[in-house]
Amino acid sequence: MQSPLDRANSTTPAPAGPSGPTWLVTPGIAPARFETAITSGAEVVLLDLEDSVPAGSKADARTAVLAFVGDRARGASGPLLGVRINAVDGSEGLRDVAAMGEGSLWPDLVVVPKAESGREIEAVVRAVHGARAATRVWALIESPRGIMGLPGIMRTPGLAGVLFGAADYAAAAGCQITSRAMWYPRAQLITAAAAAGVPAVDSPYFSLEDQDGLRRDSLEAVELGFAGKVAVHPRQLSIIAQTFAPSPRELEAARAVLDAAAAAVGTGSGITTADGAMVGPPLVEAARAVVRRADRRPAATAPSPKAS
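Residues numbered from 1 in each chain as written. Predicted model: local features only at pLDDT ≥ 70, side-chain atom pairs only at ≥ 80, totals over all residues. Heavy atoms only, no water.

1. Regarding the sheet that holds strand S3 (residues 80–84)
So, step 1. Sheet architecture is closed into a barrel: 8 strands sit in the order S1-S2-S3-S4-S5-S6-S7-S8, paired in parallel fashion. Across the sheet, the axes of successive neighbouring strands diverge by a mean angle of 30°, strand direction being ignored.
So, step 2. Across 2 bridges, strand S6 (residues 159–164) lies against strand S7 (residues 200–202) in parallel orientation. Across the sheet, Val-162 pairs through a bridge with Ala-200, a residue of S7.
So, step 3. The strands touched by helix H5 (residues 118–130) are strand S4 (109–112), strand S5 (136–141) and S6; relative to S5, the strand with the most contacts, the crossing angle is about 165°. (Pairing = 2+ DSSP bridges. Helix = DSSP H or I, 4+ residues; strand = E, 2+ residues; numbered from the N terminus. Axes fitted to C-alpha atoms, helices over the stretch in contact; angles between N-to-C directions. Contact = heavy atoms within 4.5 Å.)

Have a look at this one:
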């Protein structure tokens with residue numbers, strides 16, 4: 001019969017982010033910034049066709065983004081490349097998906113904004129599957145309706161992960177973008193994502209000059225269980241990467257728990273201690289999560305580019 005620690009050691013690891021914790025979003029209307037974003041150190045670069053692109057510039061942005069996706073698809077290495085399309089309940093979102101299909105210009109991932117039910121996700125997943133593309137489909141949850149619709153969204157076949165959009169959520173809810181105001185939707189999103197076994201990535205922090213605020217916000221994201229955080233400028237990446245990496249003290253404590261668990265299993269014991277604390281399956285899995293965070297490759301270690 002397996003001991004509790006045996007079962008903990010055979011537990012399937014929790015889902016991790018697609019490549020690492022650092023995401024960088026770049027306006028699709030600014031193609032001169034695309035290569036800078038790719039070389040920024042971010043593990044996921046997200047080209048935006050939605051909020052950052054004025055209504056009259058959607059076609060130009062779509063052409064520039066998909067041309068870059070096509071160039072990157074021809075043997076390029078580096079970060080994962082994603083595209084945030086327009087909402088698929090409108091004509092621009094449908095044009096985005098149709099253009100990807102017609103040109104076979106599918107990025108590594110597609111982010112579906114304004115998701116409030118599984119229908120929006122299903123439409124994009126069908127297009128991806130119909131094209132036999134390897135693209136992963138993520139949902140951007142950014143409204144109270146989206147939070148209330150999480151059960152249906154999370155049951156959608158083909159959903160790869162979720163992101164939180166604080167600015168649109170605050171506008172729709174009539175609240176401020178503060179830590180306290182965002183606790184409830186962020187916790188709801190993390191709970192639903194964990195139950196579905198998919199990663200969740202936190203909203204950007206919008207004050208570019210407030211490095212301390214970014215660090216506090218990133219620490220909260222780590223505490224809540226987010227797999228990563230979106231940056232709106234390359235200079236935010238180093239703080240996000242540092243925050244999501246465990247500290248030396250955290251890593252040492254985690255390894256002590258895993259060593260104690262392994263020793264207990266080796267002696268047939270079902271319970272043990274590490275640093276005076278009892279060690280059981282939840283603590284073992286938490287320790288393994290800390291080690292997984294440490295094993296991710298470092299991001300944004302190069303000097304941050306100047307603002308453009």
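2. Quick look at the side chain of Ser-40
So, step 1. With respect to the element layout, Ser-40 can be found in the loop between helix H2 (34–38) and strand S2 (44–48).
So, step 2. A polar contact is formed between the side chain of Ser-40 and the backbone oxygen of Ala-37, at a distance of 2.7 Å.
So, step 3. Among the polar contacts listed, one links the side chain of Ser-40 to the backbone nitrogen of Ala-42, at a separation of 3.3 Å. (Polar contact = N/O pair within 3.5 Å; in protein donor to acceptor, adjacent residues only side chain to side chain.)

3. Observations regarding the pairing of strand S8 (residues 228–231)
So, step 1. Residue alternation in S8 divides its side chains into two sets, Gly-228 and Val-230 and Lys-229 and Ala-231, and both sets are buried.
So, step 2. By the bridge criterion, 3 bridges tie strand S1 (residues 22–27) to S8 in an arrangement that is parallel. The residue of S8 that forms the bridge with Trp-23 is Val-230.
So, step 3. Note: S7 against S8, 2 bridges, orientation parallel. If you follow Asp-202 over to S8, its bridge partner there is Lys-229.
So, step 4. In this region the chain leaves S7, passes through helix H10 (residues 211–224) and returns to the parallel neighbour S8; the handedness of that crossover is right-handed. (Buried < 20%, exposed > 50% of the residue type's maximum accessible area, 1.4 Å probe, protein only. Right-handed = clockwise from strand over helix to strand, strands pointing away.)

4. Description of the nonpolar core
So, step 1. With 59 residues, the main nonpolar core has Ile-85, Val-124, Ile-141, Met-154 and Val-162 as its most contacted residues.
So, step 2. With 6 residues, helix H3 (residues 58–73) is the single largest residue contributor to this core.
So, step 3. Formed by 13 residues, the second largest nonpolar core is a distinct cluster that contains Val-25, Val-44, Leu-46 and Val-111. (Core = buried A, V, L, I, M, F, W, Y, C linked by side-chain atoms within 4.5 Å.)

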